[in-house]
Amino acid sequence: MIILVVNAGSSSLKYQLINMDDESVLAKGNCDRIGIDGHIAHKAADGRTLDEDCSFPTHTEAFMKLVEALTKSSAKVIDSMDEISAVGHRIVQGADVFDKSVLVTDEVIEKIDELRELAPVHNHAHALALRACKSVIPANVPQVVVFDTAFHQTMPPKAFMFGLPYEDYETYHVRKYGFHGTSHRFVSKALAKAMGKNVEDLKIVSCHLGNGSSITAVDGGKSVDTSMGFTPLDGVVMGTRTGAVDPSAVTFVADKHGFTPSQMSEYMNKKSGFLGVSGVGSDNRDVQSAANEGNKRAQLVSDMLVYEIKKYIGSYAAAMNGLDAILFTGGIGENSWEVREGVCTDMDYFGIKIDKELNRSVRGKLTKLSTPDSKIEVWIVPTNEELLIARDTLELISK
Ligand code: ADP
């Protein structure tokens, strides 16, 4: 059984074709610069590639190209779209409307589009892509949507409410939603399996650290709190995003620069974080190597990230009244031994001990880093959001 997984942005359409018999990736690619000009980069599992400038006025043309790449190009992997059993879509914001993955209907697409006020960059693009997909993919192929926010719908009100007047929650739905839910769900389950335990019996702090980073408290397999909030701007310092800031500093800085609300949002989302503090760049590798060469601001932002993660671990251990395991995932979590070592250093009060040699030598693979006498297990658990989307899709269409 073959499933197409789609991750649509406002100007891009990333995809993977997955054979669910062995969960192998048959092909993957990206149609980008939609609405500008257009380009496809496609790669089959055997190494054949397609790299072409195209014309993508809308998501529909990008979908048509994706179909051509998969079925007709020199790097094709199937003969016809009839070989595909279903399409799974990643959706950023499901708010409190969607607490699990669902089959796509016209009503579901409308609802996703209506939620665009809460995720201006993403949800409208998802709706456009869903409609385009419907017009291009055979009508008998079911589609499923998987939400970044759904896993966090188990958070209790005391964790998701802000101290704003209650009317703003009722009228404008202003509350913490949390993101990266697909990843946190995937890795917490994978960790339980690796530990030989049921996820229902574990208290886990899941650290997804990439360009965007979020930390989640997973108690008994359910998200009970998470660091990202109303939008993916909250929490720890990120590539170009501030993370948490005193709201008064926000209004103060906006006033000093004469920024409108949307200019201030752009400033905090695109110009801040690693980039803004270090002045070096947004990529952890660049910041880390600058820090190693003695750049003080690069060192500072690296220290900030580590310190903030430690504080989340402490607060989530308190929130869950216990902690069995910490996991690291995402580009930084899986690859940066410096960040993992920093987070696990001076954590004796929690009884956290890792094998430093091992930690320095592994990257991107499922590994237990804690020593046998560590009170809390520490693991690297590689994430695979596309696979989870494909698994959810398979489960829903099998019902
Ligand atoms: P996104 O949030 O866009 O999905 P990723 O999860 O791909 O991001 O993570 C990107 C981050 O991972 C970048 O900051 C990058 O520097 C970092 N990263 C990737 N590989 C390494 C590595 N080998 N060592 C340190 N950091 C790495």
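Up top you'll find the structure we're talking about.
Residues numbered from 1 in each chain as written. Predicted model: local features only at pLDDT ≥ 70, side-chain atom pairs only at ≥ 80, totals over all residues. Heavy atoms only, no water.

Caption draft 1: Quick peek at the sheet that holds strand S11 (residues 222-226). Taken in spatial order, the 6 strands make up an open sheet running S11-S10-S9-S12-S14-S13, and their pairing is mixed. Each having just a single partner strand, S11 and strand S13 (367-368) make up the two edges of the open sheet. For strand S10 (residues 213-219) and S11, the ladder comprises 4 bridges, and the chain directions are antiparallel. Its bridge partner lying in S11, threonine 216 is registered against threonine 226. Contacting strand S9 (203-209), strand S12 (325-329) and strand S14 (377-380), helix H13 (residues 337-344) runs over the sheet at an angle of about 160° to S12. (Pairing = 2+ DSSP bridges. Helix = DSSP H or I, 4+ residues; strand = E, 2+ residues; numbered from the N terminus. Contact = heavy atoms within 4.5 Å. Axes fitted to C-alpha atoms, helices over the stretch in contact; angles between N-to-C directions.)

Caption draft 2: View of the packing of aromatic side chains. Considering all chains together, one arrives at 7 aromatic pairs under this definition. Look at phenylalanine 98 and phenylalanine 147: their rings are 4.3 Å apart centre to centre, the planes differ by 10°, and that puts the pair in the stacked class. Taken together, the positions of phenylalanine 98 in the loop between strand S6 (84-91) and strand S7 (102-103) and phenylalanine 147 in strand S8 (residues 143-147) put the pair 49 residues apart, joining distant regions of the chain. Taken individually, phenylalanine 98 and phenylalanine 147 each receive the classification buried, so the pair is uniform in this respect. Three or more aromatic residues link up through ring pairs in this structure, and these residues are Phe160, Tyr166 and Tyr169. (Phe/Tyr/Trp six-rings, centres within 6.5 Å; stacked < 30°, edge-to-face > 60°. Buried < 20%, exposed > 50% of the residue type's maximum accessible area, 1.4 Å probe, protein only.)

Caption draft 3: Layout of the packing of helix H6 (residues 181-195) against helix H15 (residues 385-398). Where H6 meets H15, the axes come as close as 9 Å, and the angle between the chain directions of the two elements is 85°. Comparing their axes, H15 and H6 come out roughly perpendicular. Of the residues in H15, those in contact with Thr182, Ser183, Arg185 and Phe186 of H6 are Glu385, Leu387, Leu388, Ile389, Arg391 and Asp392. Split by residue class, the contact of H6 with H15 holds 4 nonpolar, 2 polar and 4 charged. (Parallel < 35°, antiparallel > 145°, perpendicular 65-115°, else oblique. Nonpolar A, V, L, I, M, F, W, Y, C, P; charged D, E, K, R; others polar.)

Caption draft 4: Local environment of the pattern of salt bridges. On inspection of all chains with the given rule, the structure shows 20 salt bridges. Notably, a salt bridge pairs arginine 360 with glutamate 341, separated by 3.0 Å at the nearest N-O pair. Taken together, the positions of arginine 360 in helix H14 (residues 356-361) and glutamate 341 in helix H13 put the pair 19 residues apart, joining distant regions of the chain. In this structure glutamate 341 comes out as buried when scored by relative accessible area, which is 13%. Look at the salt bridges and you will find they share partners, linking Glu110, Asp113, Arg116 and Arg131 into a network. (Salt bridge = Lys/Arg side-chain N within 4 Å of Asp/Glu carboxyl O.)

Caption draft 5: A look at the site of the ligand. Lining the immediate environment of the ligand, one finds Gly210, Asn211, Gly212, Asp283, Asn284, Arg285, Gly330, Gly331, Ile332, Asn335, Ser336 and Arg363. Contact distances for the ligand include 3.1 Å between an oxygen atom and a backbone N or O atom of arginine 285. Here glycine 331 contributes a backbone N or O atom positioned 2.8 Å from an oxygen atom of the ligand. Against a free-state accessible area of 580 Å², the protein chains account for coverage of 70% of the ligand. Going through the elements one at a time, helix H10 (284-292) and helix H12 (330-335) are the ones with two or more residues in the shell around the ligand. (Near = heavy atom within 4 Å. Polar contact = N/O pair within 3.5 Å; in protein donor to acceptor, adjacent residues only side chain to side chain. Areas by Shrake-Rupley, 256 points an atom, 1.4 Å probe, with all protein chains shown as cover.)

Caption draft 6: Representation of H15. The end-to-end C-alpha separation of H15 is 20 Å, in line with the 20 Å expected for 14 residues at 1.5 Å each. Those residues of H15 lying buried are Leu387, Leu388, Ile389, Ala390, Asp392, Thr393 and Leu396. Where H15 is buried, its residues contact strand S1 (2-8), strand S2 (12-19), S6, S7, S8 and H6. (Expected span 1.5 Å × (residues − 1).)

Caption draft 7: View of the pairing of S1. Taking burial as the measure, the 7 residues of S1 include 6 buried ones, the bulk of the element. With 7 bridges connecting them, S1 and S2 associate as antiparallel partners. If you follow valine 6 over to S2, its bridge partner there is tyrosine 15. Adjacent in sequence and paired antiparallel, S1 and S2 are bridged by 3 residues. Two elements, S1 and S6, share 6 bridges in a ladder whose sense is parallel. What sits directly across from valine 6, in S6, is histidine 89.

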